[in-house]
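Results of the structural survey
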Amino acid sequence: MWRTISYYVRVAYNLFRLPVWSALNAGKIQFAPIQKLSPFAKISVGKTGSVRLGKRCMAEQGVYFRAGSGKLFLGDKVFFNRNCIITCNEQIVIGNKATFGPNVCIYDHDHDTNKWNKMIGKPVSIGDRVWVGANAVILKGVTIGNDAVIAAGSVVTHDIPEKAVAGGVPAKVLKYRE
């Protein structure tokens, strides 16, 4: 019973909060009407950034979406467990029904060591039904195929094909799913 009440409270809260956020950010946040974001999840949008949330996205407390100068696209029914960080200066696209464990970090850029305060970015693409384990890090320029699994604690620096199970630092394909 409490789960049902919690669900409806989240939905009702986001029916009010998301339109206010979108208005305060000049329409840079687009969303479907029903969202299950924790009251303690944050969305930050810069001057040229934008965020688009698909239907029924769920984010637990401590989740932080930041689109400084990039575009962040989340598919339908994407789930982020506690304390995930998604920082976007280029473009991050996450497919439908992707699931992220606690403390996952996704970055589409890093710092240029030759020029102070300059970022080097490449788009990140994560397919449909991807599962990413706890404490994994996904770095710039990575494409993860549909139905892939990323093991907990992995650092993904290269592309992962469809239906692959990858793990390690840096992440390597360990096997393929059937």
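Check the entry above for the structure.
The rules we used
- Residues numbered from 1 in each chain as written.
- Predicted model: local features only at pLDDT ≥ 70, side-chain atom pairs only at ≥ 80, totals over all residues.
- Heavy atoms only, no water.
- Core = buried A, V, L, I, M, F, W, Y, C linked by side-chain atoms within 4.5 Å.
- Buried < 20%, exposed > 50% of the residue type's maximum accessible area, 1.4 Å probe, protein only.
- Helix = DSSP H or I, 4+ residues; strand = E, 2+ residues; numbered from the N terminus.

**What to know about the nonpolar core**
For soluble globular proteins, nonpolar side chains are generally found buried alongside one another. Counting 41 residues, the largest nonpolar core has Phe80, Ile94, Phe100, Ile106 and Ile144 as the members making the most contacts within it. Of all the elements in the fold, those that place two or more residues in this core are strand E3 (42-45), strand E4 (50-53), strand E6 (64-67), strand E7 (71-74), strand E9 (85-88), strand E10 (91-94), strand E15 (124-126) and strand E21 (164-167).

**Overview of unusual backbone geometry**
Of note, the amide linkage connecting Val169 to Pro170 takes the cis form, showing an omega dihedral of -10°. Locating Pro170 in the fold gives a position in the loop between E21 and strand E22 (172-176). Positive phi values are uncommon outside glycine, yet Asn83 reaches one of about 60°. For Asn83, the position within the fold is in the loop between strand E8 (79-80) and E9. Taking the relative accessible area as the measure of exposure, Asn83 reaches 39% and is therefore partly exposed. Positive phi is not limited to glycine here, since Asn103 has a value of about 65°. Looking at the secondary structure, you find Asn103 in the loop between strand E11 (99-100) and strand E12 (105-107).

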